[in-house]
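Listed below are the residues making up each chain.
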Amino acid sequence: MSESSPTVGELFKAKAVTDEQVSAAVEMYLSDLEAGIFPIAAGYVVDVDAAVVRHLWARAVPAYVATAKSLS
């Protein structure tokens, strides 16, 4: 059995990624909802699409942003 990869939250808690790096990944995703793999830090990449799909709250954010833009 193989070990699972650490989550971005786990990397953040371990200080392997910074707040700025996490914010950059989020901003990249919000600018391109089909962005895919993002090099978040040296030696680490995150599949942003997969991370969002697995996280209920994160799935709601792009829907809210799209709705908010259509209302303005």
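Residues numbered from 1 in each chain as written. Predicted model: local features only at pLDDT ≥ 70, side-chain atom pairs only at ≥ 80, totals over all residues. Heavy atoms only, no water.

Chemist: Give me the lowdown on the overall build of the protein, citing residues and values where you can.
Modeler: If you tally the helices and strands in the protein, you get four helices and two strands. Going from the N terminus to the C terminus, the protein shows its helices and strands as α-α-β-β-α-α. Buried residues in the protein amount to 19% of all 72 residues. Counted over contacts in the protein with a minimum sequence separation of 6, partners at least 24 positions apart contribute 20%. (Helix = DSSP H or I, 4+ residues; strand = E, 2+ residues; numbered from the N terminus. Buried < 20%, exposed > 50% of the residue type's maximum accessible area, 1.4 Å probe, protein only. Contact = heavy atoms within 4.5 Å.)

Chemist: I'd love a proper account of a nonpolar patch on the surface, names of residues and values included.
Modeler: Nonpolar side chains collect at one region of the surface, where Val26, Leu30 and Leu33 lie side by side and expose about 230 Å² of accessible area between them. Of the residues examined, leucine 33 reaches a relative accessible area of 42% and is grouped as partly exposed. (Patch = residues over 30% accessible without salt bridge, like charges linked within 9 Å, V, L, I, M, F, W, Y side chains within 5 Å. Areas by Shrake-Rupley, 256 points an atom, 1.4 Å probe, with all protein chains shown as cover. Salt bridge = Lys/Arg side-chain N within 4 Å of Asp/Glu carboxyl O.)

Chemist: Run through the nonpolar core, naming residues and quoting values.
Modeler: The tendency in soluble globular proteins is for nonpolar side chains to be buried as a group. Formed by Leu11, Val17, Ala25, Tyr29, Phe38, Ile40, Ala41, Val46, Val48 and Val52, the largest nonpolar core amounts to 10 residues. Only helix H2 (19-31), strand S1 (37-41) and helix H3 (48-53) provide two or more residues apiece to this core. With three residues, S1 is the largest single contributor of residues to this core. Not counting residues up to four positions away in its chain, the partners in contact with phenylalanine 38 are Gln21, Ala24, Ala25, Met28, Tyr44, Val45, Val46 and Val48. (Core = buried A, V, L, I, M, F, W, Y, C linked by side-chain atoms within 4.5 Å.)

Chemist: Could you give an account of the pairing of strand S2 (residues 44-47), with specific residues and numbers?
Modeler: On a regular strand, one side chain projects to one face of the sheet and the next to the other, so that they alternate. Here S1 pairs with S2 via three bridges, running antiparallel. Within S2, the residue paired with phenylalanine 38 across the bridge is valine 46. If you look at the hairpin formed by S1 and S2, you'll find two residues sitting between the two strands, and glycine 43 has a positive phi there, around 85°. (Pairing = 2+ DSSP bridges.)

Chemist: For the environment of glycine 43, give the residues involved together with the corresponding values.
Modeler: Among the structural elements, glycine 43 can be located in the loop between S1 and S2. For glycine 43, a relative accessible area of 82% corresponds to the exposed category. Measuring from C-alpha to C-alpha, the distance between glycine 43 and alanine 16 comes to 9.6 Å, with 27 residues separating the pair along the chain.

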